[in-house]
Amino acid sequence: MTTAADELLALDRAAQDLLFRAARTANAFTAEPVDDAQLRAVHDLVRYGPTAMNAQPLRVLLLRSAAARARLLPYVSAGNRDKTATAPLTAVLAADVDWHDRLPELFPHRPGARDWFTGDPAGREAQARFNAALQIGYLVVGVRAAGLAAGPMAGFDPAGVEREFFPDGRHRVLLLMNIGRPAPDAWRERLPRLPYEEVVSTL
């Protein structure tokens, strides 16, 4: 049923539900694989989400094999371990703290932009984390747009995962995300959301 509010949005009701209302964090998945073509389609969509200075610091490591998953599981909290072991795909989502090296290519109208960050590693990392977090939000919506379910998780040892998978020292792991088709028991009950009046104010 279309409501008056729906008519104020460009997306039709089905798309709104797919991306937001009917979508929830998945805690269990079927064994159906997630193929590279699906993930490439997701990336080709969500890469257009904005980041400050077009920085694009998010880096995604896909763990498909049992051997790769076995390397990850010791760093995953007990409550997240079983669902990570059985999901068809786990993505390790990290921020590249040397993202500024790509600015000559990605932000070409400011030729000296890379130099602004060369001597500021703390500032670079803060920017990397902020912009990669934005990109993770786009990625969650993109996974849903592909008809898949996302199970983002913060319960893990980031330093351990960095040592295991990113020994170069230039990546900060922010989140793990299981991806796949949701199993019948994938969902918990929908939790409350804050109303507009408690979130938005006007001056």
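Above: the structure in question.
Computed from a predicted model, the values in this text were never measured in an experiment.

## A word on the overall build of the protein
Consideration 1: Along the protein, the regular secondary structure elements total nine helices and four strands.
Consideration 2: If you list the helices and strands of the protein from N to C, you get α-α-β-α-α-β-α-α-α-β-α-β-α.
Consideration 3: Dimensions of the protein along its principal axes, counting C-alpha atoms only, are 55 × 50 × 35 Å.
Consideration 4: Every one of the 203 residues in the protein was classed for burial, and the buried ones make up 40%.
Consideration 5: In the protein, the share of contacts with a sequence separation of at least 24, taken over all contacts with a separation of at least 6, comes to 80%.
Consideration 6: By element, 58% of the accessible surface of the protein is carried by carbon and sulfur atoms, the whole surface being about 11,800 Å².

## Digging into the packing of helix H2 (residues 36-46) against helix H7 (residues 121-145)
Consideration 1: Put simply, H2 and H7 touch, their axes get as near as 9 Å, and they point 130 degrees apart. Taken together, the axis directions place H2 and H7 in an arrangement best described as oblique. Crossing hand, H2 versus H7: right-handed. Within the contact between the two elements, H2 uses Val42, Leu45 and Val46 and H7 uses Tyr138, Leu139, Gly142, Val143 and Ala145.
Consideration 2: For the contact of H2 with H7, the residue count by class is seven nonpolar, one polar and no charged.

## Looking at the pairing of strand S2 (residues 89-96)
Consideration 1: The element S2 is largely enclosed, with a buried count of eight among its eight residues.
Consideration 2: Here S2 shows no split at all, with Leu89, Ala91, Leu93 and Ala95 on one side and Thr90, Val92, Ala94 and Asp96 on the other all buried.
Consideration 3: Two strands pair when backbone bridges link them, and strand S1 (residues 58-63) and S2 are joined in this way by six bridges, in the antiparallel orientation. Bridge pairing in S2 links Val60 to Leu93.
Consideration 4: With eight bridges connecting them, S2 and strand S4 (residues 171-180) associate as antiparallel partners.

## Observations concerning a nonpolar patch on the surface
Consideration 1: Together, Leu194, Tyr196, Val199 and Val200 line one region of the surface with nonpolar side chains, adding up to about 430 Å² of accessible area.
Consideration 2: Mapped onto the elements, Val199 comes out in helix H9 (residues 196-199).

## Here we look at the pairing of strand S3 (residues 149-153)
Consideration 1: Of all five residues that make up S3, four are buried, and the element is covered over most of its length.
Consideration 2: Pairing between S3 and S4: five bridges, direction antiparallel. For Ala149, the partnering residue across the bridge sits in S4 and is Gly180.

## Comments concerning H7
Consideration 1: When the terminal C-alpha atoms of H7 are compared, their 35 Å separation across 25 residues agrees well with the 36 Å that a helix rising 1.5 Å per residue should span.
Consideration 2: Among the residues of H7, those classed as buried are Gly123, Arg124, Ala128, Asn131, Ala132, Gln135, Ile136, Leu139, Val140, Gly142, Val143 and Arg144.
Consideration 3: Immediately downstream of H7, the backbone of Gly147 shows phi near 80 degrees, a positive value.

## What to know about the nonpolar core
Consideration 1: Formed by 29 residues in total, the largest nonpolar core has its most connected members in Leu93, Leu103, Ile136, Leu139, Val143, Met177 and Ile179.
Consideration 2: If you list the elements that add at least two residues to this core, you get H2, S2, helix H6 (113-118), H7 and S4.
Consideration 3: The element that contributes the greatest number of residues to this core is H7, accounting for six residues.
Consideration 4: Contacts of Ile179, omitting those with residues within four sequence positions, involve Phe29, Val34, Pro88, Leu89, Ala91, Val143, Leu148 and Ala149.

## A few points about the sheet that holds S3
Consideration 1: Ordered by their spatial adjacency, four strands build an open sheet running S1-S2-S4-S3, and the pairing between neighbours is antiparallel. Whereas interior strands pair on both sides, the edge strands pair on one side only; in this sheet they are S1 and S3. Each adjacent strand pair in this sheet contributes to an overall mean axis angle of 30 degrees, direction not counted.
Consideration 2: The sheet contacts of helix H8 (residues 158-165) involve S1, S2 and S4, and relative to S4 the element is tilted by about 90 degrees.

Rules used throughout
Each residue is numbered by its place in its chain's sequence as written, counting from 1. Local features in this predicted model are restricted to residues whose pLDDT is 70 or higher, and side-chain atom pairs enter the listing and the counts only when it is 80 or higher, whereas totals over whole chains, interfaces and linings include all residues. To obtain the side-chain values, all non-hydrogen atoms of the structure were used and water was disregarded. We count a stretch as a helix when DSSP gives it H or I for four or more residues in a row; a strand needs E for two or more, and each element gets its number in order from the N terminus. Per-residue accessibility, obtained with a 1.4 Å probe over protein chains only, is compared with the maximum for each type, and a residue is labelled buried under 20%, exposed over 50%, and partly exposed between these values. Contacts were defined at the residue level, with two residues in contact if any of their heavy atoms lie within 4.5 Å. Computed by Shrake-Rupley with a 1.4 Å probe, the accessible areas treat only the displayed protein chains as cover when residues are assessed. Think of each axis as a best-fit line through the C-alpha atoms, taken over the contacting stretch in the case of a helix, with angles from 0 to 180 degrees between the N-to-C directions. Working rule for angles: under 35 degrees goes down as roughly parallel, over 145 as roughly antiparallel, 65 to 115 as roughly perpendicular, anything else as oblique. Crossings are assigned a handedness: left-handed for a near helix turned anticlockwise from the far helix by less than a right angle, right-handed for a clockwise turn. Here the term charged refers only to Asp, Glu, Lys and Arg, the term nonpolar to Ala, Val, Leu, Ile, Met, Phe, Trp, Tyr, Cys and Pro, and the term polar to all other amino acids, Gly among them. Paired strands, in this sense, are two strands between which DSSP finds at least two bridges. To count toward a patch, a residue needs a relative accessible area above 30% and no salt bridge. Like charges then connect within 9 Å, nonpolar side chains (Val, Leu, Ile, Met, Phe, Trp, Tyr) within 5 Å. A pairing counts as a salt bridge when a side-chain nitrogen of Lys or Arg comes within 4 Å of a carboxyl oxygen of Asp or Glu. Expected span, for any helix, means 1.5 Å times one less than how many residues it has. By nonpolar core is meant a set of buried Ala, Val, Leu, Ile, Met, Phe, Trp, Tyr and Cys residues that side-chain atoms within 4.5 Å join together.

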